[in-house]
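If you want the building blocks of each chain, they are given just below.
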Amino acid sequence: MRKPVRIIDFEDTEIAFRYKSGNAVRKANFIYSVVSNPWISAIATGAVKLALRLRLPVEPIIKSTVFELFCGGESIEETDAAISNLGKYKVHTILDYSVEGEASEAGFDQVMRETILTIEKGATTSYIPFSVFKVTGLASSDLLEKIHSRTLLTDDELAAYERVRLRVDTICRKAHDLNVPVLIDAEETWIQDPIDQLAYDMMRRYNTEKAIVFNTYQMYRKQGLENLKTAREIAVKGYWLGAKVVRGAYMEKERARAEVMGYESPIRRDKAATDQAFNDSLEFCVKNLQNLSVMCGSHNEQSNFYLTELMQSSGIAPSDNRIWFAQLYGMSDNISFGLASMGYNVAKYVPYGPVRSVMPYLLRRAAENTSVAGQSSRELVLISKELRRRKSSRKLREA
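First, a word on scope: everything that follows refers to the structure included in this document. Treat the numbers as computed from the prediction; the structure is a model and nothing was measured. Positions within a chain are numbered from 1, following the residues in the order the chain's sequence is written. Given that the model is predicted, a residue must reach a pLDDT of at least 70 before its local features are reported, and side-chain atom pairs must reach 80 or more before they are shown or counted; all residues, however, enter totals for whole chains, interfaces and linings. Only heavy atoms go into the side-chain values, all of them from the structure, while hydrogens and water stay out.

### Looking at the sheet that holds strand S1 (residues 92–97)
Any two strands between which DSSP finds at least two bridges are classified as paired. Numbering goes from the N terminus for both helices and strands, where a helix is a DSSP run of H or I of at least four residues and a strand is a run of E of at least two. Reading around the circumference, S1-S2-S3-S4-S5-S6-S7-S8 is the order of the eight strands in this closed barrel, with parallel pairing throughout. Adjacent strand axes in the sheet meet at a mean angle of 30°, parallel and antiparallel pairs treated alike. Together, strand S6 (292–297) and strand S7 (323–328) form the strand contacts of helix H14 (residues 301–313), whose direction differs from that of S7 by roughly 170°. For helices, the fitted axis covers only the stretch in contact; all axes are lines through C-alpha atoms, and the angles between them, taken along N-to-C directions, range from 0 to 180 degrees. Residue contacts follow a heavy-atom distance rule, with two residues in contact if any of their heavy atoms lie within 4.5 Å.

### Side note on the packing of helix H7 (residues 105–122) against helix H9 (residues 155–178)
Following both chains from N to C, one finds H7 and H9 inclined at 5°, their axes separated by 9 Å at the closest point. Between H7 and H9, the interaxial angle falls into the category roughly parallel. Taking contact as the criterion, the partners of Glu-105, Phe-108, Asp-109, Met-112, Thr-115, Ile-116, Ile-119 and Glu-120 in H7 are, on H9, Arg-163, Arg-167, Thr-170, Ile-171, Lys-174, Ala-175 and Leu-178. Looking at the contact of H7 with H9, its residues break down into seven nonpolar, two polar and six charged. Roughly parallel means an angle under 35 degrees; roughly antiparallel, over 145; roughly perpendicular, 65 to 115; everything else is oblique. When residue character is reported, Ala, Val, Leu, Ile, Met, Phe, Trp, Tyr, Cys and Pro are called nonpolar, Asp, Glu, Lys and Arg charged, and the others, Gly included, polar.

### Regarding the nonpolar core
Of all hydrophobic cores here, the largest spans 79 residues; its most connected members are Val-213, Leu-228, Leu-241, Leu-307, Ile-323 and Phe-325. Sort the elements by how many residues they give to this core and helix H10 (residues 189–206) lands first, with nine residues. In contact with Ile-323, other than residues within four places in its own chain, are Val-286, Leu-289, Val-294, Leu-307, Met-311, Ile-316 and Asn-345. Residues grouped as a nonpolar core are buried Ala, Val, Leu, Ile, Met, Phe, Trp, Tyr and Cys residues, joined through side-chain atoms within 4.5 Å. In this scheme, a residue with accessible area under 20% of its type's maximum is buried, one over 50% is exposed, and one in between is partly exposed, where area comes from a 1.4 Å probe on protein chains only. Formed by 38 residues, the second largest nonpolar core is a distinct cluster that contains Leu-69, Val-132, Trp-240 and Met-359.

### Remarks on the state of the cysteines
Note on terminology: pairs of cysteine sulfur atoms within 2.5 Å are recorded as disulfides. Per the stated rule, a full pass over the model turns up zero disulfides. Here Cys-172 stays unpaired: no disulfide links it, and the sulfur of Cys-285, its closest cysteine neighbor, is 19 Å away. Of the residues examined, Cys-172 reaches a relative accessible area of 0% and is grouped as buried. Unpaired in terms of disulfides, Cys-285 finds its nearest cysteine sulfur in Cys-296, a separation of 9.4 Å.

### A few points about the pattern of salt bridges
Any carboxyl oxygen of Asp or Glu within 4 Å of a side-chain nitrogen of Lys or Arg constitutes a salt bridge here. Within this structure, the stated rule accounts for 30 salt bridges. Its salt-bridge partner being Glu-74, residue Lys-63 comes within 2.9 Å of it at the nearest N-O pair. On the criterion of sequence distance, the pair formed by Lys-63 in helix H4 (residues 59–63) and Glu-74 in the loop between helix H5 (66–70) and helix H6 (80–87) is long-range, its members being 11 residues apart. Taking the relative accessible area as the measure of exposure, Glu-74 reaches 29% and is therefore partly exposed. When the shortest N-O distance is used, the salt bridge between Glu-283 and Lys-287 registers 3.1 Å. With Glu-283 and Lys-287 both in helix H13 (residues 271–287) and four residues apart, this pair spans about one turn of that helix. By relative accessible area, Glu-283 is classed as partly exposed at 27%. Lys-287 sits in the exposed class, given a relative accessible area of 58%. One salt-bridge network, held together by shared partners, links Glu-14, Glu-386, Arg-389 and Arg-390.

### Quick look at a nonpolar patch on the surface
Residues Leu-50, Leu-54 and Leu-56 make up a contiguous nonpolar surface patch of roughly 270 Å² in combined accessible area. Structurally, the position occupied by Leu-56 is in the loop between helix H3 (38–53) and H4. Candidates for patches are residues over 30% relative accessible area with no salt bridge; among them, like charges are joined within 9 Å and nonpolar side chains (Val, Leu, Ile, Met, Phe, Trp, Tyr) within 5 Å. Using the Shrake-Rupley algorithm and a 1.4 Å probe, accessible areas are obtained, with residue cover drawn only from the displayed protein chains.

### A word on the packing of H9 against H10
Two elements in contact, H9 and H10, have axes separated by 10 Å at closest approach and are oriented at 40°. One element, H9, and the other, H10, form an angle in the oblique class. In this structure, H9 meets H10 at a crossing whose hand is right-handed. Contacts between H9 and H10 involve Tyr-161, Val-164, Arg-165, Val-168, Asp-169, Cys-172, Arg-173 and His-176 from the former and Pro-194, Leu-198, Asp-201, Met-202, Arg-205 and Tyr-206 from the latter. Tallied by class, the residues present in the contact of H9 with H10 amount to eight nonpolar, one polar and five charged. Note on convention: near helix rotated counterclockwise from far helix by under a right angle means a left-handed crossing. Clockwise means right-handed.

### Quick word on H6
Burial in H6 covers these residues: Ala-82, Ile-83, Leu-86 and Gly-87. Within H6, the buried residues cover an arc of 130° as seen down the axis, which keeps them to one side. The directions from the helix axis to the C-beta atoms form the arc being described.

### Things to note about the side chain of Asn-29
Locating Asn-29 in the fold gives a position in helix H2 (residues 22–35). Relative accessible area serves as the criterion here: at 18%, Asn-29 is assigned to the buried category. Here Ser-384 takes part through its side chain, which lies 3.4 Å from a polar atom of the side chain of Asn-29. Setting aside its immediate chain neighbours within four residues, Asn-29 contacts Leu-380, Ile-383, Ser-384 and Leu-387. We call two N or O atoms a polar contact when they sit within 3.5 Å, provided that within protein one can donate a hydrogen and the other can accept it, with sequence-adjacent residues counted only if both atoms are side-chain atoms.

Next up, the structure:
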């Protein structure tokens with residue numbers, strides 16, 4: 001007899017926000033009210049940029065508002081409260097050192113050391129099942145672009161790239177030794193080839209028994225699904241494929257560059273095509289779990305629900321460690337906590353770093369929530385619903 005379908009309620013705000021205090025929910029309501037309005041959001045972000053440029057002491061205000069919503073702290077130690085709070089509700093943490101723009105050899109080395117610290121912390125607790133890094137945190141984007149375009153490198157550039165390879169290998173070796181898988185984020189198409197190559201080199205080295213190194217596949221790319229399938233065909237010959245599937249974060253930037261430079265856009269024609277490719281990628285991964293582990297990185301309720309359906313129809317337990325769901329800290333709590341409450345493996349990306357250094361990340365979050373159709377409004381609807389629920393619950397207790 002077929003097992004009954006496990007229904008996940010992404011509308012249950014009590015489950016979604018039970019980890020937040022009343023003050024935290026009200027603060028989130030205010031912030032999403034701002035970012036959901038393009039005009040107000042533009043004025044607010046412009047004011048913040050100006051204040052930072054003038055070196056005005058705005059960090060305390062930022063830290064107590066948008067930083068508090070989207071980040072876990074300024075240091076690894078400061079993230080402990082967020083890690084513990086999420087863990088109470090079976091939501092795991094992926095510590096993400098989100099300092100950007102450190103384009104120097106010393107800066108690249110610092111990112112490597114910090115990433116290793118996240119791996120070492122992950123080895124001490126079941127609350128942190130993954131680490132993560134961006135290759136542009138370890139290498140010059142200009143250097144990666146030259147390698148991608150197959151431009152002849154100078155001796156200095158070859159030496160610089162060898163240092164990049166060493167940084168990546170040092171991280172992945174530590175991940176392997178401590179059994180804490182590491183996610184390599186995807187980036188722009190014009191620097192992605194060397195990132196892919198580094199990821200596959202590391203997989204061949206460290207994924208012989210299980211998926212330790214994960215590459216990221218962006219399904220807004222026309223070649224995204226094919227790249228995933230090709231990677232699996234190669235991996236099946238000798239190692240596990242770690243695959244994080246996402247829709248992607250650079251669509252407007254990619255199209256604008258293609259238009260300016262006069263080449264065919266690498267991006268799918270519309271959101272519907274991207275959605276279809278994303279769901280097809282989930283189906284492909286579920287059918288090939290013999291040597292593949294997958295992380296579904298999505299804020300789309302339908303896609304997350306679709307993956308649970310695929311798992312149920314294939315007889316895969318929610319707790320199967322080959323399948324994970326992931327969302328960003330401060331976003332889509334209805335998905336994260338809803339899935340976790342039903343026993344699925346869920347992790348939140350929890351960024352951290354000094355407030356001023358993390359501002360590029362925070363400004364991007366604000367811009368994406370403003371531009372992505374329905375994202376901030378959906379968050380606002382759910383938060384407002386939770387505020388009403390708590391107010392009603394208070395009145396019932398007082399009656």
